[in-house]
Every structure is written in C-alpha cells, then in structure tokens.
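The lines below spell out each chain.
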Amino acid sequence: MPYAGSVRDEARQFVLPMVVRIERAAPPARTDALETAARAVLVMLSDPRSLGEGPWAQAVRNWQDGRIRKVVRRARGAEWRRAEALDGITVTGGTAQVRVFPPVPLDGWPKELSRLQVSGTQLDDPGPPADADPRAPVLWISPHVDMTAGKAMAQAGHGAQLAWWDLSEAERRTWRAAGFPLSVRTADPAHWHTVTAGGGPVVHDAGFTEIAPGDTVAVEGHHRVAELSGSRRA
C-alpha cells in the first residue's frame, strides 16, 4: 500500500484487525466478503469513536501515521462469539459478516484474535458477480495477481481507505449517509491499464505477505458519491 517513505516506516507500526465469519456449513460468497470488508474499513474510519477525542481516535491516528496495514483472520462458532465480545463493529453484507476492531500494535493483538487463523482463507462465488454499479465507486482488483480471499479483503479495504482520504468532508458525509455503496470486481487486463493510468487512488502492496510488491487495487468513480442520495442504503 502507498506510504510516505521512511517517516512512516520509522513510526511505531499498528495494524487494523478484521475478522470474517466463515461457518463451515454456510461460508460467505467471495465478492460479498470483499465488499463487506471494504465497507467495514469505511465504517471504522467514520465512526465517532475514531474521530476527535473519541476512545479509538488515538489508535486510529497512530495506525494512519505508519503503513495502513490490515490483517484479516477467520472465525466460526465460539471463536466468532469471542471476537464479537471485543470492542469493535460488525458489518453485515448479503452473506458476509466482518468485524473490524480499533487498530493495535503489530505485537499487541488481543489473545482472542491472535489465536485465529490468518493464512489460506479461500472463498468462492456461487456464480459470476453482477456488473458493478455504475452509480457508485468501484474497487478494481488486478487481473494479474492471485490472492486468497483474506488477502483480497485487506486489499479492498486499502482501496476504500485511499478513496476516503481523497474525498472532501461533504463527500464523505454523503457516502456514509448512503450506506457506503461500492462494488469490488476483478478488472479485465485492458480496463486495468485504463484505471491505473487514470490518476485515481491505486493500492501498491509492499509485498510482505503472499504476493510480490505491485499494484493490486485501483479505484474508479469515487467522486460520484457526491451524487448519491442520502436515503440510499447499500
């Protein structure tokens, strides 16, 4: 993900913990999990507890002063219930539930979360996803990178965060009031070149896990949030 050189590297590093609920008998669809993870990041960033003098605000500032790392772990049954008991926010999509927690130091994970599995999270879609909603932001995933669902959820969260940073306060309020509508789709190669060259936010992964450094997510149409109706819900 993008970062401002050594200043961010020298800061104490924090991570945004996220947990996706994957019950054995009813796992979420992959695309819905990615979109729900992206919304969860936006919900955390916009929550009053993350702003000003809120109880999460200093942790959020510490996290954003360094690399905006996110780690997605998976839980089911009693693991999920223990995760829900911790301070955080659960965001629900069509089939997916993602709980996001205030940022923690890289070496300071709550034990209830540190025990959860992080690697190898795989999810599938029951069929081809519908076309992206042209009225709302689209987070395009690179067609050249093969990622697990957990890694892709973190990357979608990065893309949503970069879009959030690029908006005015009025646009942020409109997007939040509308329920953070967005789509996450894999781009075809020709379109990927277009969106990465278009001047919008692009996530550049540092290559710490799973994949080599490179572009992973490009954001298209995030300034369309100014045209959304406040009564619309995602």
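Coordinates for the structure precede this section.
The sections below set out a description of the structure shown in this document. Quick caveat: nothing in here was measured; it's all calculated off a predicted structure.

## Topic: the environment of Val-72
For Val-72, the location among the structural elements is in strand β2 (residues 69–75). Val-72 sits in the buried class, given a relative accessible area of 4%. Taking the C-alpha atoms as reference points, Val-72 and Gly-150, separated by 78 residues in sequence, lie 5.5 Å from one another. If we ignore the near neighbours within four places in the chain, the residues touching Val-72 are Met-18, Val-20, Val-118, Gly-150, Met-153 and Ala-154.

## Focus: the packing of aromatic side chains
On inspection of all chains with the given rule, the structure shows two aromatic pairs. Ring geometry for Trp-164 and Phe-180: centres 5.8 Å apart, planes at 70 degrees, overall edge-to-face. You can see Trp-164 sitting in helix α6 (residues 149–165) and its partner Phe-180 sitting in the loop between α7 (169–177) and β7 (183–186), a full 16 residues away along the chain. Trp-164 sits in the buried class, given a relative accessible area of 8%. Here Phe-180 falls in the buried class, since its relative accessible area comes to 4%.

## Let's talk about a positive patch on the surface
Together, Arg-81, Arg-82, Lys-111 and Arg-115 line one region of the surface with positive charge. When you line up the elements, Arg-115 lands in the loop between α5 (111–114) and β6 (138–141). Here Arg-115 falls in the exposed class, since its relative accessible area comes to 59%.

## Remarks on the environment of Asp-107
Relative to the elements of secondary structure, Asp-107 occurs in the loop between β5 (104–105) and α5. With relative accessibility at 68%, the residue Asp-107 sits in the exposed group. Expressed as a C-alpha distance, the spacing of Asp-107 and Ala-130, which sit 23 residues apart in the sequence, is 40 Å.

## Topic: the sheet that holds β6
In any sheet, the strands associate via hydrogen bonds between backbone groups, in a parallel or an antiparallel arrangement. Taken in spatial order, the four strands make up an open sheet running β7-β6-β9-β8, and their pairing is mixed. A single partner strand is all that each edge strand has here, and the edge strands are β7 and β8 (202–205). Across the sheet, the mean angle separating the axes of adjacent strands is 20 degrees when strand polarity is ignored. Alignment of β8 against strand β9 (residues 214–220), held across four bridges, turns out to be antiparallel. Looking at the pairing, Asp-205 lines up with Gly-214 of β9. Running over the sheet, α6 touches β6, β7, β8 and β9 and is turned about 135 degrees from β8. Together, β6, β8 and β9 form the strand contacts of helix α8 (residues 189–196), whose direction differs from that of β9 by roughly 80 degrees.

## Here's the deal with helix α3 (residues 57–65)
Within α3, the full set of buried residues consists of Ala-57, Ala-59, Val-60, Trp-63 and Gln-64. Looking down the long axis of α3, one finds its buried residues gathered within 160 degrees of arc, a one-sided arrangement.

## What to know about α6
Residues spaced three or four apart along an α-helix face the same direction, because each turn holds 3.6 residues. For α6, built from 17 residues, the straight-helix expectation of 24 Å at 1.5 Å per residue is met to within 8% by its first-to-last C-alpha distance of 24 Å. Counting buried residues in α6 gives 16 out of 17 residues, a clear majority hidden from the surface.

## Regarding the packing of helix α2 (residues 30–46) against α6
Packing of α2 against α6 brings their axes to within 8 Å, and their N-to-C directions diverge by 40 degrees. Considering the angle they form, α2 stands oblique to α6. At the point where α2 passes α6, the crossing takes the right-handed sense. Seen from α2, the contacting residues are Arg-30, Ala-33, Leu-34, Ala-37, Ala-38, Val-41, Leu-42, Leu-45 and Ser-46; seen from α6, they are Ala-149, Ala-152, Met-153, Ala-156, Gly-157, Ala-160, Gln-161 and Trp-164. Of the residues in the contact of α2 with α6, the class split is 13 nonpolar, three polar and one charged.

Rules behind the numbers
Residues numbered from 1 in each chain as written. Predicted model: local features only at pLDDT ≥ 70, side-chain atom pairs only at ≥ 80, totals over all residues. Heavy atoms only, no water. Helix = DSSP H or I, 4+ residues; strand = E, 2+ residues; numbered from the N terminus. Buried < 20%, exposed > 50% of the residue type's maximum accessible area, 1.4 Å probe, protein only. Contact = heavy atoms within 4.5 Å. Phe/Tyr/Trp six-rings, centres within 6.5 Å; stacked < 30°, edge-to-face > 60°. Patch = residues over 30% accessible without salt bridge, like charges linked within 9 Å, V, L, I, M, F, W, Y side chains within 5 Å. Areas by Shrake-Rupley, 256 points an atom, 1.4 Å probe, with all protein chains shown as cover. Salt bridge = Lys/Arg side-chain N within 4 Å of Asp/Glu carboxyl O. Lys, Arg positive; Asp, Glu negative; His and termini not counted. Charge placed at Lys NZ, Arg CZ, Asp CG, Glu CD. Pairing = 2+ DSSP bridges. Axes fitted to C-alpha atoms, helices over the stretch in contact; angles between N-to-C directions. Arc of directions from axis to C-beta. Expected span 1.5 Å × (residues − 1). Parallel < 35°, antiparallel > 145°, perpendicular 65-115°, else oblique. Left-handed = near helix turned anticlockwise from the far one by under 90°. Nonpolar A, V, L, I, M, F, W, Y, C, P; charged D, E, K, R; others polar.

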